[in-house]
Amino acid sequence: MERLLNQDCDPRQLSPLTLAFVGDCVFELFVRERLVCQGNCPVKKLHQRSVEQVCAAAQAKFSQKLLPHLTEEEQGAYQRGRNAHVNHVPKSASVADYHAATAFEALFGYLYLSGKTERLRELFAICMEE
């Protein structure tokens, strides 16, 4: 997956919450594609399975799986997301999980906007390992 628009965009200049905004969508697209390719099933079931994987608690767990595999540059993007000042934490998430999920999404946003599609695939595969 290369970037959909061919516009100049330096992810190093974007705020971590902006990166997380993009990364949330990128990760969800990966999840949805994986679910759909596993076989046809009702949309309600697809949605339930997707929500299980894109919630803050799941993303926090995926973060822990990824941390040992991140490059120094990726760790920097992750830390920027983790340290971002969020104004609201949903009731369904702990503060720690929400910060880890924001970091996770910021990493995915950073890699996507950097055009590092193959690396996104590698990290997604690590997340999905049993």
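Refer to the structure printed above.
These figures come from a predicted structure and were not determined experimentally.

So, how was this worked out
- Residues numbered from 1 in each chain as written.
- Predicted model: local features only at pLDDT ≥ 70, side-chain atom pairs only at ≥ 80, totals over all residues.
- Heavy atoms only, no water.
- Salt bridge = Lys/Arg side-chain N within 4 Å of Asp/Glu carboxyl O.
- Helix = DSSP H or I, 4+ residues; strand = E, 2+ residues; numbered from the N terminus.
- Buried < 20%, exposed > 50% of the residue type's maximum accessible area, 1.4 Å probe, protein only.
- Axes fitted to C-alpha atoms, helices over the stretch in contact; angles between N-to-C directions.
- Parallel < 35°, antiparallel > 145°, perpendicular 65-115°, else oblique.
- Left-handed = near helix turned anticlockwise from the far one by under 90°.
- Contact = heavy atoms within 4.5 Å.

Colleague: Give a description of the pattern of salt bridges that names residues and reports values.
Modeller: Under the criterion given, the structure shown has six salt bridges. One salt bridge connects Lys-116 with Glu-73, and the closest N-O pair in it is separated by 2.9 Å. Residue Lys-116 is located in the loop between helix H5 (95-113) and helix H6 (117-128), and its partner Glu-73 is located in helix H4 (residues 72-82); the two are separated by 43 residues in the primary sequence. Under the relative-accessibility criterion, Lys-116 is labelled partly exposed at 31%. Note that Arg-121 and Glu-118 form a salt bridge whose closest N and O atoms lie 3.0 Å from each other. Taken as a pair, Arg-121 and Glu-118 lie in helix H6 at a separation of three residues, close to a single helical turn. Judged by its relative accessible area of 47%, Glu-118 falls in the partly exposed class. Connected via shared salt-bridge partners are Glu-74, Arg-119 and Glu-122.

Colleague: So what's going on with the environment of Ala-125? Which residues, and what values?
Modeller: With respect to the helices and strands, the residue Ala-125 is situated in helix H6. In the structure, Ala-125 is positioned 97 residues away from Glu-28 in sequence and 14 Å away in space, judged by C-alpha atoms.

Colleague: Describe the packing of helix H1 (residues 16-37) against helix H2 (residues 43-54), and please don't skip the residues or the numbers.
Modeller: It is the contact of H1 with H2, at a shortest axis distance of 10 Å, that shows an interaxial angle of 140 degrees. The orientation of H1 relative to H2 falls into the category oblique. Two packed elements cross with a definite hand, and for H1 against H2 that hand is right-handed. In this structure, H1 contributes Phe-27, Glu-28, Val-31, Arg-32, Arg-34, Leu-35 and Val-36 to the contact, and H2 contributes Leu-46, Arg-49, Ser-50, Gln-53 and Val-54.

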